[in-house]
Amino acid sequence: MTWFNKQSRIVQILLLLIPGVNWITELVVRWSTYLKKGGLIRLVVCILVTIPSGVIIGWLDLVWVLLFKHLFLQ
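Given the structure is predicted, the values throughout are model-derived calculations rather than measurements.

**Digging into the side chain of T33**
At step 1: Among the secondary structure elements, T33 is positioned in helix α3 (residues 19-37).
At step 2: Sequence-distant contacts of T33, that is, excluding residues within four places in its chain, are made with M1, G38, R42 and Q74.

Written as structure tokens, this is what we have:
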């Protein structure tokens, strides 16, 4: 999560815009945050990202980053 937040806004948007890269970015960021901080909501989001609906959550995160400058539910 820290690595993702340190990136420029354009890099964050590009990482979330490309579908395959989007899913891998979601997996890495979400699971590393869960392993570091724990929490039930983070676990549920991690599980949702791991299954194919992760691409949909990635697109939601793209819009969320554009509007609020952080990932959804982070």
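Right, picking up where we left off after that structure.
**Quick look at unusual backbone geometry**
Most peptide bonds take the trans configuration, and most residues that are not glycine carry a negative phi.
At step 1: In the Ramachandran plot, K69 falls in the positive-phi region, its phi being about 65° despite a non-glycine side chain.
At step 2: Structurally, K69 is set in the segment after α5 (54-68).
At step 3: Accessibility expressed as a relative area gives 56% for K69, which makes it exposed.

**Considerations on the packing of aromatic side chains**
At step 1: Using the criterion set out here, one finds 3 aromatic pairs in the structure.
At step 2: Plain terms: the ring middles of W31 and Y34 are 5.9 Å apart, the flat faces sit at 90° to each other, and that makes the pair edge-to-face. You can see W31 and its partner Y34 sitting in helix α3, 3 residues apart, about one turn around the helix.
At step 3: Looking at Y34, the relative accessible area reads 22%, which means it is partly exposed.
At step 4: Here the aromatic rings of W64 and F68 are separated by 4.7 Å at their centres, their planes lie at 50°, and the arrangement is tilted. Taken together, the positions of W64 and F68, both in helix α5 and 4 residues apart, correspond to about one turn of that helix.
At step 5: On the accessibility criterion, W64 (24% relative accessible area) is partly exposed.
At step 6: What links up through ring pairs into an aromatic cluster is the set W64, F68 and F72.

**Describing the environment of V44**
At step 1: Here V44 lies in helix α4 (residues 40-50).
At step 2: Judged by relative accessible area, V44 falls into the partly exposed class, the value being 43%.
At step 3: Expressed as a C-alpha distance, the spacing of V44 and Y34, which sit 10 residues apart in the sequence, is 9.8 Å.

**A short note on empty space enclosed by the protein**
At step 1: Inspection of the entire model under this criterion finds 1 cavity of 30 Å³ or more.
At step 2: The space that makes up the largest cavity amounts to roughly 30 Å³.
At step 3: Lining the largest cavity we find R30, R42, V45, C46, L73 and Q74.
At step 4: Ranked by the residues each element gives to the lining of the largest cavity, the list is headed by α4, at 3 residues.
At step 5: Of the residues belonging to the lining of the largest cavity, the class tally is 3 nonpolar, 1 polar and 2 charged.

What counts, and at which threshold
Counting starts from 1 at the beginning of each chain's written sequence and moves along it residue by residue. Whole-chain, interface and lining totals are the exception, using all residues; otherwise, since this is a predicted model, local features are given only for residues with pLDDT of at least 70 and side-chain atom pairs are given and counted only at 80 or more. The side-chain quantities take in all heavy atoms of the structure and omit both hydrogens and water. Segments assigned H or I by DSSP are reported as helices when at least four residues long, segments assigned E as strands when at least two residues long, and all are numbered from the N terminus. Any two residues having at least one pair of non-hydrogen atoms within 4.5 Å are treated as being in contact. In this scheme, a residue with accessible area under 20% of its type's maximum is buried, one over 50% is exposed, and one in between is partly exposed, where area comes from a 1.4 Å probe on protein chains only. The pairing test for Phe, Tyr and Trp rings, Trp by its six-membered ring, is centres within 6.5 Å, and the orientation test on the planes gives stacked under 30 degrees, edge-to-face over 60, and tilted for anything in between. Both site types are read off a 1 Å grid over the protein atoms alone. A 1.4 Å probe that fits but cannot get out defines a cavity, while an open set with protein on both sides within 12 Å along at least five of seven lines defines a pocket; lining residues have an atom within 4 Å of a point. Grid points are joined across faces, edges and corners, and a volume is the space filled by probe spheres set on the points. Gly falls in the polar group here, along with every residue not listed as nonpolar (Ala, Val, Leu, Ile, Met, Phe, Trp, Tyr, Cys, Pro) or charged (Asp, Glu, Lys, Arg).

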